[in-house]
Amino acid sequence: MGFGEKSDLYNVFMDQSDFAVGEFVQQSINQRCRLFKEYKEVQREKLADPDIQLVCDETNIFKWTALIKGPSETPYEGGVFQLAFAVPENYPLQPPQVRFLTKIFHPNVHFKTGEICLDILKNAWSPAWTLQSVCRAIIALMAHPEADSPLNCDSGNLLRSGDVRGFNSMARMYTRLAAMPKKG
């Protein structure tokens, strides 16, 4: 074989890489279609779920924000909390990265970064979950904290030691400071 001639191995590789590129492009299209479908669903259901307002970034379908209302009969009641979603390119096969932008005192939320410790955002993810259902799961987590896997140790320690009153007081204070509209 002379200089510049292509071997059979090269041709096989190129055929496979063309297939791989085509498959990648198709996956990317499928992922965007899924997000567009979710976007349409959110638009249709805006009034159906008044506790969640999910908004797609105008320039990037992979960036979303949500406003969720604090669940009733919790220290978060009356608060409105903002979440940031970073949707990976291979969504829905992998979960979105979600974090609180609003400060919240909760054992499963890192106080500084807003990172959320929730199994469906890690090892229990399924493509059946949608961004809307993730918001519902986060609201449920707010109402039922898991003190045994804390990202906020102070919050987790209050609950684990049985100081529910202290936890509620701190959570209510931060809700008032960070998640409620300022008066006057």
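Just so you know, these numbers come straight off a predicted model, no measurement behind them.

Below, the discussion takes up the pairing of strand β2 (residues 63-69). Note on strand geometry: in a regular strand, side chains alternate between the two faces of the sheet. Along β2, the buried face is formed by W64, A66 and I68; none of K63, T65, L67 and K69, which line the opposite face, is buried. Strand direction decides the pairing type here: strand β1 (residues 52-56) and β2, joined by 5 bridges, are antiparallel. In the strand pairing of β2, V55 is matched with T65. The hairpin formed by β1 and β2 contains 6 residues between the paired strands. As judged from the 7 bridges shared by β2 and strand β3 (residues 80-86), these two strands associate in the antiparallel manner. Of the residues in β3, the one forming a bridge with L67 is Q82.

This brings us to the nonpolar core. In terms of nonpolar packing, the biggest core is built from 39 residues, with I68, L83, F85, F100 and I116 touching the most fellow members. Once you skip the residues sitting within four places of it in the chain, L83 turns out to touch W64, T65, A66, I68, V98, R99, F100, L101, I116, C135 and I138.

Let's shift gears to the UniProt feature "active site" (unreviewed entry) in the protein. UniProt marks C117 with the feature "active site" (unreviewed entry), using the numbering shown here. Take C117: it is sitting in the loop between β4 (97-100) and α2 (131-143). Other than its neighbours up to four places away in sequence, C117 contacts N108, L141, S149 and L151.

On to the packing of helix α3 (residues 153-160) against helix α4 (residues 164-178), then. Two numbers describe how α3 lies on α4: the axes approach to 7 Å, and their chain directions differ by 145°. For the pair α3 and α4, the sense of crossing is left-handed. Each of S155, L158 and L159 in α3 lies in contact with α4, whose residues at this interface are V164, G166, F167 and M170. Residue composition of the contact of α3 with α4, grouped by class: 5 nonpolar, 2 polar and no charged.

Here 4 strands make up an open sheet; going across it, the order is β1-β2-β3-β4 and the pairing antiparallel. The strands lining the two open edges of the sheet, one partner per strand, are β1 and β4. Each neighbouring strand pair of the sheet contributes to a mean axis angle of 20°, computed without reference to strand direction.

A few words now on α4. Two residues of an α-helix separated by three or four positions point the same way, owing to the 3.6 residues in each turn. Along its 15 residues, α4 runs 21 Å from first to last C-alpha, staying within 8% of the 21 Å computed at 1.5 Å per residue. Burial in α4 covers these residues: G166, F167, A171 and T175. End-on view of α4: buried residues confined to an arc of 165°, all on one side of the axis. More than 90 degrees from the buried face of α4, the exposed residues found are R165, R176 and L177. Those residues of α4 hidden inside the fold are in contact with β3 and α3.

Enumeration according to the criterion identifies 3 salt bridges in this entry. A salt bridge links R44 to E41; the nearest nitrogen and oxygen atoms lie 2.4 Å apart. With a gap of 3 residues between them, R44 and E41 both fall in helix α1 (residues 8-44), about one helical turn apart. E41 gets classed as partly exposed once you look at its relative accessible area, which sits at 31%.

For the structure on display, the rule yields 7 aromatic pairs. Between the aromatic rings of Y39 and W64, the centroid separation amounts to 6.3 Å while the plane-to-plane angle is 65°, which identifies the pairing as edge-to-face. Taken as a pair, Y39 in helix α1 and W64 in strand β2 lie far apart in primary sequence, 25 residues in all. By relative accessible area, which is 33% here, Y39 ends up partly exposed. For W64, a relative accessible area of 2% translates into the label buried. Three or more aromatic residues link up through ring pairs in this structure, and these residues are F105, F111, F167 and Y174. Seen from the ring of F111, K103 lies directly overhead, with NZ or CZ sitting 5.1 Å from the centre.

Calculation notes
- Residues numbered from 1 in each chain as written.
- Predicted model: local features only at pLDDT ≥ 70, side-chain atom pairs only at ≥ 80, totals over all residues.
- Heavy atoms only, no water.
- Buried < 20%, exposed > 50% of the residue type's maximum accessible area, 1.4 Å probe, protein only.
- Helix = DSSP H or I, 4+ residues; strand = E, 2+ residues; numbered from the N terminus.
- Pairing = 2+ DSSP bridges.
- Core = buried A, V, L, I, M, F, W, Y, C linked by side-chain atoms within 4.5 Å.
- Contact = heavy atoms within 4.5 Å.
- UniProt positions renumbered as here; feature names shortened; annotations may be inferred.
- Axes fitted to C-alpha atoms, helices over the stretch in contact; angles between N-to-C directions.
- Left-handed = near helix turned anticlockwise from the far one by under 90°.
- Nonpolar A, V, L, I, M, F, W, Y, C, P; charged D, E, K, R; others polar.
- Expected span 1.5 Å × (residues − 1).
- Arc of directions from axis to C-beta.
- Salt bridge = Lys/Arg side-chain N within 4 Å of Asp/Glu carboxyl O.
- Phe/Tyr/Trp six-rings, centres within 6.5 Å; stacked < 30°, edge-to-face > 60°.
- Lys NZ or Arg CZ within 6 Å of the ring centre and 35° of its normal.

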